[in-house]
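# Commentary on secondary and tertiary structure
Below, each chain spelled out in residue letters.
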Protein chains: 2
Amino acid sequence: MNVTWVSRPPIKVRGRVLGDGKVPLIITPLVGKTTDAILHELAEVLAKRPDIVEWRADFYADIASAGAVIELARRMKAKLGATPLLFTIRSAREGGQQIRIAEEAVVDLHAAMCRSALADIVDYELGNAPERLQQVRNVSRETGTPLILSYHDFQSTPALNALIEKFVQAEREGADVAKVAVMPASLHDVLVLLQATLSASERLRIPLISMSMGSLGSLSRLAGWMFGSAATFAVGAGSSAPGQVAIEELRAAIEIARKAIDTRT
Amino acid sequence: MNVTWVSRPPIKVRGRVLGDGKVPLIITPLVGKTTDAILHELAEVLAKRPDIVEWRADFYADIASAGAVIELARRMKAKLGATPLLFTIRSAREGGQQIRIAEEAVVDLHAAMCRSALADIVDYELGNAPERLQQVRNVSRETGTPLILSYHDFQSTPALNALIEKFVQAEREGADVAKVAVMPASLHDVLVLLQATLSASERLRIPLISMSMGSLGSLSRLAGWMFGSAATFAVGAGSSAPGQVAIEELRAAIEIARKAIDTRT
């Protein structure tokens with residue numbers, strides 16, 4: 001039988017393909033507030049060998065100081081070795097922390113993280129103003145830093161076609177990776193997210209990442225890769241969104257499912 | 001958040017509720033051909049503590065001798081202890097072995113297995129003639145033996161509404177449990193089966209069992225319970241249908257998923 005889930009385009013960082021393309025990349029967020037807390041968290045997370053470490057810089061207390069952000073990123077980079085760093089400032093509008101800097105400063109931080117080659121991947125929200133999207137896309141292209149264009153809905157799950165359109169829109173806006181994270185109100189919504197992921201993965205030329213959040217959506221974190229999600233977020237030390245599973249358990253579940261698939265009986 | 005998958009009606013055997021209602025019952029098939037092979041297989045399977053053992057009697061070489069069937073069932077029963085025995089003669093039409101006895105004799109075997117209390121549950125196919133269905137249902141009711149009315153399609157996955165109708169039809173025909181097993185041609189079909197299971201489980205008053213077969217459908221065996229399937233078939237010693245997972249791996253996957261759900265973060 002022809003299994004279709006192994007042929008998705010991979011996520012690449014500086015020409016290097018991440019993962020084996022058969023199971024999802026595991027992305028582990030850092031949600032510390034202080035330099036010490038973040039460096040401590042990083043050490044804890046790295047011991048669990050995630051494929052990508054995401055710095056959720058909206059949690060960082062010194063986010064308003066570009067110098068502090070760059071200096072901390074440099075210290076993180078020294079510890080990360082070959083593990084790519086994903087730089088994310090999630091807006092409060094899409095489930096992130098309230099921060100005291102304007103969107104121009106957010107764009108400038110992305111630019112600085114790309115130009116210094118401290119960020120290996122950057123996340124920017126699809127919902128931002130077109131000129132900001134263009135600025136971040138331009139700097140990501142100039143510096144060869146892959147850009148995730150992301151969409152989050154912490155309240156509900158849009159209808160199937162609206163969800164597919166979010167992935168399509170991310171590709172159209174120049175994303176290297178399209179990300180959609182939504183909240184289910186029922187198990188029907190979880191199936192809608194998986195169906196949208198599968199349909200979008202059949203249409204898009206770029207890799208995508210999706211998840212249905214919360215307790216109800218946990219299946220999407222464990223098995224969304226079968227339907228075309230190239231990566232899944234797992235807890236290393238602290239969770240950044242509802243429903244995230246511990247990295248060890250995620251790996252065990254993926255291994256069992258992969259073995260079940262490979263049996264091909 | 002209100003999790004809906006714990007409120008499904010349980011499968012009961014002689015007034016006793018099987019399982020805790022939170023995770024699916026594990027049914028392990030016996031597919032041996034000879035008395036010795038079947039008794040050996042039973043010992044191996046029982047060591048893995050399934051919730052129900054299914055004797056796929058269509059594999060049994062002596063199926064044409066009612067005396068041999070009853071005698072072997074008696075020897076099995078002595079080893080089974082409190083583990084319920086599900087008696088199944090799968091037709092060749094629905095993926096079973098070719099057997100040399102007529103449908104009347106199949107009905108008589110079901111009757112004998114119910115009357116002797118050797119079968120704790122019986123499976124009969126929804127596709128059988130109405131008068132045969134009625135005969136089996138009558139004897140199952142008289143003897144208080146739960147009846148699974150089952151539907152299998154080893155070639156394809158019917159459309160969503162046709163699948164839901166199979167569950168509804170089983171209930172209408174007097175099933176105590178409705179079972180639907182279909183073959184997916186794509187991952188879309190796997191989602192259709194899960195959606196049909198979820199919708200049917202919201203409508204039916206009886207428990208149901210469903211699966212999408214083969215490598216593509218393996219997720220339904222691991223996680224179909226979240227969508228309302230009360231049981232899943234797993235390999236103890238030998239597989240009876242494509243895509244069945246080993247009982248140990250199934251248990252590990254269920255445990256991880258259940259923990260992920262219970263986190264409720």
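These lines cover the structure that appears in this document, whether it is placed above or below. (Residues numbered from 1 in each chain as written. Chains lettered and ligands numbered in written order. Predicted model: local features only at pLDDT ≥ 70, side-chain atom pairs only at ≥ 80, totals over all residues. Heavy atoms only, no water.)

## With respect to the overall build of chain A
- A tally of regular secondary structure across chain A gives eight helices and 11 strands.
- Here the C-alpha radius of gyration of chain A, 17 Å, is about what a compact globule of 265 residues would show, namely 18 Å.
- Along the three orthogonal principal directions, the C-alpha set of chain A runs to about 55 × 40 × 35 Å.
- A total of 265 residues make up chain A; the buried ones form 60% of that total.
- Across chain A, the fraction of contacts at a sequence separation of at least 24, relative to all contacts at a separation of at least 6, is 75%.
- For chain A, the exposed area adds up to about 10000 Å²; of that, 49% sits on carbon and sulfur atoms.
- For chain A, the centre of its 30 positive side-chain charges and the centre of its 29 negative side-chain charges are spaced 4 Å apart. (Helix = DSSP H or I, 4+ residues; strand = E, 2+ residues; numbered from the N terminus. Rg over C-alpha atoms; globule rule 2.2 N^0.38 Å. Buried < 20%, exposed > 50% of the residue type's maximum accessible area, 1.4 Å probe, protein only. Contact = heavy atoms within 4.5 Å. Areas by Shrake-Rupley, 256 points an atom, 1.4 Å probe, with all protein chains shown as cover. Lys, Arg positive; Asp, Glu negative; His and termini not counted. Charge placed at Lys NZ, Arg CZ, Asp CG, Glu CD.)

## Here's the deal with the side chain of A:E54
All names here are of chain A.
- When you line up the elements, E54 lands in strand β4 (residues 52–56).
- We note that E54 is buried and unpaired, the nearest opposite charge coming from R90 at a distance of 4.4 Å.
- A polar side-chain atom of E54 sits 2.7 Å from a polar atom in the side chain of T88.
- Once residues lying within four places of it in the same chain are set aside, the contact partners of E54 are I27, T28, P29, L30, L86, T88, R90 and F233. (Salt bridge = Lys/Arg side-chain N within 4 Å of Asp/Glu carboxyl O. Polar contact = N/O pair within 3.5 Å; in protein donor to acceptor, adjacent residues only side chain to side chain.)

## As for the relation of the copies chain B and chain A
- Structural alignment of chain B on chain A gives an RMSD of 0.0 Å, achieved by rotating through 180° and translating 0.0 Å along the axis. Between the two chains, the operation in question is that of a two-fold axis. Within chain B, the C-alpha atom positioned nearest to the axis of rotation is that of B:A253, 2.8 Å from it. (Least-squares fit on C-alpha atoms with pLDDT ≥ 70 in both.)

## Remarks on the pairing of strand β7 (residues 147–153) of chain A
Residues and elements named next belong to chain A.
- For β7, the tally of buried residues reaches seven of seven residues, placing the bulk of the element in the interior.
- With burial as the criterion, each face of β7 is covered, one bearing L147, L149, Y151 and D153 and the other bearing I148, S150 and H152.
- Bridge count for strand β6 (residues 121–125) against β7 is four bridges, and the pairing is parallel. Bridge pairing in β7 links D123 to I148.
- Note: β7 against strand β8 (residues 177–182), six bridges, orientation parallel. Each bridged residue has a counterpart across the sheet, and for S150 the counterpart in β8 is K179. (Pairing = 2+ DSSP bridges.)

## Focus: the interface of chain B and chain A
- Counting from both sides, the interface comprises 36 residues of chain B and, opposite them, 36 residues of chain A.
- Summed over both sides, the interface of chain B with chain A buries roughly 3300 Å², with 73% coming from carbon and sulfur.
- Along the contact surface separating chain B from chain A lie two salt bridges.
- Between B:K259 and A:E249 there is a salt bridge, with the nearest N and O atoms lying 3.1 Å from each other.
- Scanning the region where chain B abuts chain A turns up six residue pairs in polar contact (both at pLDDT 80 or more).
- Tallied by class, residues from the side of chain B that touches chain A come to 23 nonpolar, nine polar and four charged. (Buried area = accessible area lost by both parts, 1.4 Å probe. Nonpolar A, V, L, I, M, F, W, Y, C, P; charged D, E, K, R; others polar.)

## As for the sheet that holds strand β4 (residues 52–56) of chain B
Residue and element names in this part refer to chain B.
- A sheet is described by the order of its strands in space; here nine strands give the open sequence β9-β8-β7-β6-β5-β4-β3-β10-β11, paired in parallel fashion. Taken across any chain shown, the strands that pair with only one partner, and hence form the sheet edges, are β9 (208–212) and β11 (245–246).
- Of the strands in this sheet, β3 (25–30) and β4 are in contact with helix α1 (residues 35–46), which crosses β3 at around 160°.
- Packing against the sheet, helix α2 (residues 66–80) makes contact with β3, β4 and β5 (85–88), and its axis sits at approximately 160° to β4. (Axes fitted to C-alpha atoms, helices over the stretch in contact; angles between N-to-C directions.)

## What to know about the packing of aromatic side chains
All names here are of chain A.
- For the structure on display, the rule yields four aromatic pairs over all chains.
- With a centroid separation of 5.7 Å and 65° between ring planes, the pair formed by W55 and F87 is classed as edge-to-face. Of this pair, W55 sits in strand β4 while F87 sits in strand β5 (residues 85–88), placing them 32 residues apart in sequence.
- Classification of W55 by relative accessible area gives buried; the value is 0%.
- Put simply, the rings of W55, Y60 and F87 touch in pairs and so form one group of aromatic residues. (Phe/Tyr/Trp six-rings, centres within 6.5 Å; stacked < 30°, edge-to-face > 60°.)

## Some thoughts on the nonpolar core
- Ranked by size, the top nonpolar core spans 153 residues in total, and within it A:W55, A:M76, A:F87, B:W55, B:M76 and B:F87 carry the most contacts.
- Sequence-distant contacts of B:F87, that is, excluding residues within four places in its chain, are made with B:W55, B:A57, B:V69, B:L109, B:H110, B:M113, B:A119, B:I121, B:V122 and B:D123. (Core = buried A, V, L, I, M, F, W, Y, C linked by side-chain atoms within 4.5 Å.)

## Points about the environment of B:V45
Residue and element names in this part refer to chain B.
- Note that V45 resides in helix α1.
- Among the residues examined, V45 registers a relative accessible area of 0% and is labelled buried.
- Along the sequence, V45 and G236 sit 191 residues apart, while their C-alpha atoms lie 4.8 Å from each other.

## Concerning the pattern of salt bridges
Residue and element names in this part refer to chain A.
- Within this structure, the stated rule accounts for 26 salt bridges over all chains.
- We note a salt bridge from K48 to E248, for which the minimum N-O separation is 3.6 Å. With K48 in the loop between α1 (35–46) and β4 and E248 in helix α8 (residues 247–263), this residue pair connects regions lying 200 residues apart in the sequence.
- For K48, a relative accessible area of 23% puts it in the partly exposed group.
- Classification of E248 by relative accessible area gives partly exposed; the value is 43%.
- Between E125 and R93 there is a salt bridge; the shortest N-O distance is 3.4 Å. With a gap of 32 residues between them, E125 in strand β6 and R93 in the loop between β5 and α3 (103–115) connect regions that are remote in the sequence.

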